[in-house]
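# Structural overview
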Amino acid sequence: MRVMAQVAMVMNLDKCIGCHTCSVTCKQAWTNRAGTEYVWFNNVETRPGLGYPRRYEDQEKWQGGWVRTPSGGLKLRSGGRFKKLLSIFASPVQPEMEDYYEPWTYDYETLTNAPLGDDFPVARPKSLITGKDTKITYSANWDDSLGGTYATGDTDPMIEKMRRDASDKVKFEYEKSFMFFLPRICEHCLNPSCMASCPSGAIYKRAEDGIVLVDQDRCRGWRQCITGCPYKKIYFNHRSGKAEKCTFCYPRLEAGIPTVCSETCVGRLRYIGIILYDADAVTKAASVKDDQDLYQAQLDVMLDPYDPQVIADAQQAGIPSDWLDAAQKSPVYALIKHFKVALPLHPEYRTMPMVWYIPPLSPVVDLLRDQGHDAEAPGNLFGAIDALRIPVDYLAELFTAGDTSIVTGVLQKLAAMRSYMRGVTLGGTGDPEIAAAVGMDTKAMEQMYRLLAIAKYNERYVIPKAHIEQAHNLEEMGCSLDFDGGPGMNEEGPFGSSSRGPVPVAIETYQSIKARQAAAEADVAPPPLMPSADGLRGVDQSGLATKAVEDQMPRRGISGDEAR
């Protein structure tokens, strides 16, 4: 058994109101700069909906994640090394610009400087690719609050699968519709397929906390990682020619501070903590035959932080004592393994995701109340689980590879907690039979209620600080912060780095910028710059920089060997 620590997150979907505060603050902190206009490390999707990028869950098309071989092993859905070698110089299977959206800004200058007249000036949308007027046809939250779902809902991959199993099970008439919000970040998987897909070895998983990062020095822009990630949470920076992804705000975590998205969440629905797991058991767990067994297999990989043998092995592996204490107090471990109310997103991708979700329960209460019943009575709640306005089948397709029994069990626990605590609030005592009906006792029910409903800041975020002896190993530049071109280093207008005017982002690409900078240092005229015809692909039409030019450029970050 090889014990390792993993930072993980749980989100309580019952509390998400779809305000997008997490997305906006993450955008401002990490991707408010040229080249990342379409990049959202955190986005909030309305389900049912197409997601971002559009239909990212259609792995038959996008070829993300792992598949089990007949011999019981794992292989990338996108193909092995030989297939990647044959296609390494061709564009891999990945979403195109229209699957994200064409980045745009607004003509604020015309709006603010328009002369006095009878007409009201407007800030027309301008493409950041061509600099011309554009029509906005899609974005990261295009389905927000069921906007347009009457037209696009049928193409939700989960709805398509449900309808193959049972025709017309979900209808989109207004009175029969349902929705909930699903915030998404990089899953920081235990078995990341993006890392296995990278030909350059630029993607790595930090040994000390399991965060998955991109080494900007090693990245060569092959974009195979975008194909390999089934969640499509790796993006291509068309300005730098590098891949970028959510860093789990590791500079904040090293100081014991939660991620930006967690810190600013108005619903207080996110939990962050440490999980201990057996690294030697990951591959075997990800290789189980039945997709519906993957949830339990991943639970089995997680270790009991109170087990004396686990503690001894963890200490031998060099895990600090305060990290072991944090693992014992981890709200994430409690919700995932102890109470078993949090579920992984699409375990069938076999990446062993480490961002888990508590499924929403609220609509059943609304349904019962509208029918004139006592919505909080345990008998009514339990009996209505199978008739939820949000179909259990839909939740199961998201979180348990289609196993409705697991989702039903989670919803029954949440309903039982609600009924039990109602008795405590109104009558002073709760009914022990309610807790027993879902395999819990009254103490566990009250503990789960405290964690889900009224947990304080230091209970939701149990994050041990990085140790000074690990400082050299924590110098990664997974997302560059402190040099020219990093977040906040661009000349900005009042509305962000792209608000100065409709400047096409594809005019200068990574190699041409390096050539210009090196030529300026050598006092030599730079080569002429030509617009890129490939938009987000960032193809440099002015020619590649020579090896001599590259040698003159300063190195960014640290080498891949040091990062490991």
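Look up: the structure comes first, before these words.
Given the structure is predicted, the values throughout are model-derived calculations rather than measurements.

Here we come to the overall build of the protein chain. Summing up its helical and strand segments, the protein chain has 25 helices and 14 strands in all. In the protein chain, which comprises 564 residues, the share counted as buried stands at 55%. Here the analysis covers contacts within the protein chain between residues at least 6 apart in sequence; of these, 73% occur between residues at least 24 apart. A total accessible area of about 24,900 Å² is found for the protein chain, and carbon and sulfur atoms account for 52% of it.

So, about helix H13 (residues 308-316). Those residues of H13 lying buried are Val310, Asp313 and Ala314. Considered in projection along H13, the buried side chains sweep an arc of 100° and stay on one side of the axis. Residues of H13 that are exposed and point more than 90 degrees away from the buried face comprise Pro308 and Gln316. Summarising the contacts, the buried residues of H13 are in contact with strand E1 (3-12), strand E12 (270-278) and helix H14 (321-328). Sitting at the amino-terminal end of H13 is Asp307, which places a side-chain oxygen 2.9 Å from the backbone nitrogen of Gln309. The positive-phi residue at the C-terminal boundary of H13 is Gly318, with phi of around 90°.

Scanning the entire structure with this criterion turns up 0 disulfides. Cys229 forms no disulfide, and the closest cysteine sulfur to it belongs to Cys194, at a distance of 5.8 Å. Classification of Cys229 as buried rests on a relative accessible area of 10%. Free cysteine: Cys261, not disulfide-bonded; nearest cysteine sulfur from Cys249 at 6.1 Å. Using a relative accessible area of 6% as the deciding quantity, one classes Cys261 as buried.

This next bit is on the sheet that holds E1. Either a parallel or an antiparallel arrangement is found when strands of a sheet pair, and the pairing is made through backbone hydrogen bonds. Judged by pairing direction, the sheet is mixed, and its 4 strands sit side by side in the order E12-E1-E14-E13 without closing on themselves. The outermost strands of the open sheet, each flanked by one partner alone, are E12 and strand E13 (343-344). Examined bridge by bridge, E13 and strand E14 (residues 355-358) share 2 bridges and lie antiparallel to one another. The partner of Pro344 across the bridge, within E14, is Trp356.

With 24 residues, helix H19 (residues 404-427) should reach 34 Å at 1.5 Å per residue; the first-to-last C-alpha distance of 34 Å fits that figure. Within two residues after H19, Gly428 carries a phi angle of roughly 90°, on the positive side.

A word on the packing of helix H18 (residues 392-399) against H19. Contact geometry for H18 and H19: axes closest at 8 Å, N-to-C directions at 110°. For the element pair H18 / H19, the angle class is roughly perpendicular. Contact residues: H18 offers Val392, Asp393, Leu395 and Ala396, while H19 offers Thr404, Val407, Thr408 and Leu411. For the contact of H18 with H19, the class distribution of residues is 5 nonpolar, 2 polar and 1 charged.

Here we take up unusual backbone geometry. Cis geometry is found at the peptide bond from Arg47 to Pro48, where omega equals 5°. As for its position among the elements, Pro48 is in the loop between strand E2 (43-47) and helix H2 (59-62). In this structure, Pro53 follows Tyr52 across a cis peptide bond, with omega equal to -5°. Mapped onto the fold, Pro53 is located in the loop between E2 and H2. Despite not being glycine, Gln63 shows a phi value in the positive range, around 60°. Within the secondary structure, Gln63 is located in the loop between H2 and strand E3 (66-68).

About the criteria used
- Residues numbered from 1 in each chain as written.
- Predicted model: local features only at pLDDT ≥ 70, side-chain atom pairs only at ≥ 80, totals over all residues.
- Heavy atoms only, no water.
- Helix = DSSP H or I, 4+ residues; strand = E, 2+ residues; numbered from the N terminus.
- Buried < 20%, exposed > 50% of the residue type's maximum accessible area, 1.4 Å probe, protein only.
- Contact = heavy atoms within 4.5 Å.
- Areas by Shrake-Rupley, 256 points an atom, 1.4 Å probe, with all protein chains shown as cover.
- Arc of directions from axis to C-beta.
- Polar contact = N/O pair within 3.5 Å; in protein donor to acceptor, adjacent residues only side chain to side chain.
- Disulfide = S-S within 2.5 Å.
- Pairing = 2+ DSSP bridges.
- Expected span 1.5 Å × (residues − 1).
- Axes fitted to C-alpha atoms, helices over the stretch in contact; angles between N-to-C directions.
- Parallel < 35°, antiparallel > 145°, perpendicular 65-115°, else oblique.
- Nonpolar A, V, L, I, M, F, W, Y, C, P; charged D, E, K, R; others polar.

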